[in-house]
Amino acid sequence: MSKRRSGDRVNDGEATQSKRTKTTGHWSMGLLQTVDDPQFFTKADELVNVIKDKYPKAKFHYLIMPKAKIASLKSVTSEHVSLLKHMEEVALGIISSDEHKQSTFKLGYHAEPSMARLHLHVISDDMNSECLKTKKHWNSFTTDFFITSEDIRHNLDENGRVVLPSRDVCKRYMETPLRCHKCDVKPKNMPELKKHILTH
DNA sequence: GTTCTAGAAC
DNA sequence: GTTCTAGAAC
């Protein structure tokens, strides 16, 4: 019996993956497809689509995406000031609904997003989700890797573009030791962290 | 972004 | 022996 290495694929994993990649493009284009999936599509107006994150990292986790082909914060300029304000207002509308009355939310962008098309995260601050599994998941919402919508808009106001942390700084954010986002508890691993946050 | 799993950590 | 993390995926 030969041993498997981490790169090897088993069963139909590779075939399934390449078939999917051929028909829907690279994984980083996934959000554009999710918009058309009724299971995740939430609402839209003239300027934006709203979807549920396919792998929510909290009880509630939405993404506000412009319809315009804006790849990321890197391509945002002063002409987008009102669009970013609008995205934030749409987010505020969503979180003000009765369904979300019991939760508090964070509105913000990842400093280094993985997925194409600018998207504003609208996430409840419980961080209680089966899909939240890794340190990277945790730190991407609980360190300065997560930049609030307000901070982004002020950044844009002041600079005429969005000045983002360097790759190295982002890397440091992701390597930040695990820490509860609501108290100073420092769990030693993810399972402990996930147990701890249930106490809040 | 997720999945998978080798090797580290316990 | 089991749990957990980290890196490859062409």
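Residues numbered from 1 in each chain as written. Chains lettered and ligands numbered in written order. Predicted model: local features only at pLDDT ≥ 70, side-chain atom pairs only at ≥ 80, totals over all residues. Heavy atoms only, no water.

Enquirer: Run through the sheet that holds strand E1 (residues 41-44), naming residues and quoting values.
Expert: Overall, antiparallel pairing links the 6 strands, which are arranged E1-E2-E3-E5-E4-E6 in an open sheet. Because the sheet does not close on itself, it has two edges, and the strands there are E1 and strand E6 (146-148). For this sheet, the mean angle separating the axes of adjacent strands, direction not counted, is 30°. Note: strand E3 (residues 61-66) against strand E5 (residues 120-124), 4 bridges, orientation antiparallel. Within the sheet, the bridge partner assigned to Tyr-62 lies in E5 and is Val-122. Strands E1, strand E2 (48-52), E3, strand E4 (105-110) and E5 of the sheet are contacted by helix H3 (residues 81-95), whose axis makes an angle of about 150° with E3. (Pairing = 2+ DSSP bridges. Helix = DSSP H or I, 4+ residues; strand = E, 2+ residues; numbered from the N terminus. Axes fitted to C-alpha atoms, helices over the stretch in contact; angles between N-to-C directions. Contact = heavy atoms within 4.5 Å.)

Enquirer: Outline empty space enclosed by the protein, listing residues and values.
Expert: Per the counting criterion, the structure on display carries 1 cavity of 30 Å³ or more. By volume, the largest cavity amounts to about 50 Å³. What lines the largest cavity is simply Ser-72, Leu-73, Tyr-109, His-110, Pro-113, Leu-118, His-119 and His-121. (1 Å grid on protein atoms, 1.4 Å probe; cavity = no way out; pocket = protein on both sides within 12 Å on 5 of 7 lines; lining within 4 Å. Points joined across faces, edges and corners; volume = space filled by probe spheres on them.)

Enquirer: Hey, could you go over the pairing of E1 for me, with residue numbers and the actual values?
Expert: One ladder, built from 3 bridges, connects E1 with E2; its direction is antiparallel. The residue bridging Phe-41 from the neighbouring strand is Ile-51, located in E2.

Enquirer: Just give me the short version of the nonpolar core, but keep the residues and values in it.
Expert: Core analysis: the largest hydrophobic core is formed by 28 residues, its most contacted members being Ile-64 and Met-87. Taken together, the elements giving at least two residues each to this core come down to E2, E3, H3, E4, E5, helix H5 (149-159) and helix H6 (167-174). It is H3 that contributes the most residues to this core, 6 residues altogether. Setting aside chain neighbours within four positions, we find Ile-64 in contact with Val-48, Asn-49, Val-50, Met-87, Val-90, Ala-91, Ile-94, Leu-118, His-119, Leu-120 and Val-122. Counting 11 residues, the second-largest nonpolar core is a separate cluster that includes Ile-123, Met-127, Phe-146 and Ile-197. (Core = buried A, V, L, I, M, F, W, Y, C linked by side-chain atoms within 4.5 Å. Buried < 20%, exposed > 50% of the residue type's maximum accessible area, 1.4 Å probe, protein only.)

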